[in-house]
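Per-entry structural report
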Amino acid sequence: MKRVFLFVMVVLMATTAVQAQKMRVMSFNVRNCKGMDNKFDFDRTASVINEAKPTFVAVQELDSMTTRNNHYVLGELARRTGYNDYYAPTINFRGGKYGIGVLSKEKALSVERYPLPCRREPRAMIVVEFKSCYLICTHLSLNKEDQLSSVKIIRGVVEKLQKPVFVVGDINAKPETQTITAFKEFMEVLSDSTQFTYNSVKPSRCIDYVFGCGARFVKPRTTVVDNREASDHRPLYVDLKMKRKKR
């Protein structure tokens with residue numbers, strides 16, 4: 001009887017045990033590494049990331065080999081930070097591409113790109129799979145209808161994923177909007193939307209976010225980096241513990 005009891009306890013512990021993983025998830029609209037002084041400076045932008053030391057960074061507004069600066073911008077940041085880089089172009093621009101991307105300490109298991117609607121210019125999301133989670137980076141349209149259509153597409157992708165998911169990026173929507181309400185139907189807002197991210201000189205609104213689902217996120221704590229030179233957005237990151245039940 002004692003052995004049976006011990007066996008049952010071991011099984012219960014194995015099925016209900018929780019793994020806690022510390023991580024720092026960052027969003028940074030880098031404005032193509034063009035600072036508020038209108039100078040391109042990869043070192044300045046990379047130093048913000050190096051000081052924060054995030055686990056993952058969702059990066060928006062990135063040129064790739066355009067005549068504007070003739071650089072693969074995400075690659076320049078990766079080289080200066082030592083991170084792995086994953087890029088998703090959204091439009092053809094000045095002889096090259098323009099888009100979004102992800103930087104990560106960990107190498108990805110898979111990368112997919114999904115187009116999103118925008119009546120002014122195409123948008124997209126990049127879905128990067130890691131061992132413990134997925135990170136989705138996006139930069140939504142300024143138009144409310146486009147945003148709501150995009151959230152539906154994002155939800156359809158997220159609900160098929162079998163690991164915890166973070167959706168991170170420049171959403172171009174304030175906390176009280178229908179867009180953020182739509183996100184809240186299937187995700188938790190992990191970043192503190194009372195901390196403003198735009199514009200960098202005199203922040204007056206929050207339009208950059210970290211969302212999460214598929215796990216228990218313990219004590220998420222938001223930091224908006226007080227940097228007004230590197231971009232027109234202030235970067236933000238969320239520190240948290242992610243607890244996921246073993247199956």
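Use the structure listed above.
So, here's what we can say about the structure. Predicted, not measured: the structure shown is a model, and the values here were computed from it.

**Some words on the overall build of the chain**
- Across its full length, the chain holds five helices and 12 strands.
- Taking 247 residues into account, the globule formula puts the C-alpha radius of gyration at 18 Å, and the chain, at 19 Å, falls close to it.
- The principal-axis extent of the C-alpha atoms belonging to the chain is close to 75 × 40 × 35 Å.
- A total of 247 residues make up the chain; the buried ones form 51% of that total.

**Details of helix H3 (residues 73-81)**
- Of all nine residues making up H3, seven are buried, and the element is well covered by its neighbours.
- Buried within H3 are the following residues: Val73, Leu74, Gly75, Glu76, Leu77, Ala78 and Thr81.
- The elements touched by buried residues of H3 are helix H2 (42-52), strand E2 (56-64), strand E3 (84-93) and strand E4 (96-104).
- Of the residues flanking the end of H3, it is Gly82, one or two places downstream, whose phi is positive at about 80°.

**Section: the sheet that holds strand E10 (residues 208-213)**
- Sheet architecture is open: six strands sit in the order E5-E6-E7-E8-E10-E9, paired in mixed fashion. Edge strands, defined here as strands with exactly one partner in the open sheet, are strand E5 (110-116) and strand E9 (188-189).
- For strand E6 (residues 123-129) and strand E7 (residues 134-139), the ladder comprises five bridges, and the chain directions are antiparallel. Looking at the pairing, Met125 lines up with Thr138 of E7.
- Against the sheet, helix H4 (residues 144-158) makes contact with E5, E6, E7, strand E8 (165-170) and E10, and its axis sits at roughly 155° relative to E5, the strand it touches most.

**Regarding the environment of Arg234**
- Relative to the helices and strands, Arg234 resides in the loop between strand E11 (216-224) and strand E12 (236-245).
- The exposure class assigned to Arg234 is buried, which follows from its relative accessible area of 10%.
- Excluding residues that lie within four positions of it along the chain, Arg234 makes contacts with Thr197, Ser200, Val201, Pro203, Val224, Val225, Asp226, Asn227 and Arg228.
- For Arg234, the side chain forms a polar contact with the main-chain oxygen of Ser200, separated by 2.7 Å.

**What about the layout of surface pockets?**
- For the largest pocket, the calculated volume is near 450 Å³.
- Lining the largest pocket we find 25 residues, and of these Glu61, Arg123, His139, Leu142 and Asn172 sit closest to its centre.
- Of the residues forming the lining of the largest pocket, the biggest block, three residues, is contributed by E4.
- Residue classes in the lining of the largest pocket are distributed as seven nonpolar, eight polar and 10 charged.

What counts as what
Residues numbered from 1 in each chain as written. Predicted model: local features only at pLDDT ≥ 70, side-chain atom pairs only at ≥ 80, totals over all residues. Heavy atoms only, no water. Helix = DSSP H or I, 4+ residues; strand = E, 2+ residues; numbered from the N terminus. Rg over C-alpha atoms; globule rule 2.2 N^0.38 Å. Buried < 20%, exposed > 50% of the residue type's maximum accessible area, 1.4 Å probe, protein only. Contact = heavy atoms within 4.5 Å. Pairing = 2+ DSSP bridges. Axes fitted to C-alpha atoms, helices over the stretch in contact; angles between N-to-C directions. Polar contact = N/O pair within 3.5 Å; in protein donor to acceptor, adjacent residues only side chain to side chain. 1 Å grid on protein atoms, 1.4 Å probe; cavity = no way out; pocket = protein on both sides within 12 Å on 5 of 7 lines; lining within 4 Å. Points joined across faces, edges and corners; volume = space filled by probe spheres on them. Nonpolar A, V, L, I, M, F, W, Y, C, P; charged D, E, K, R; others polar.

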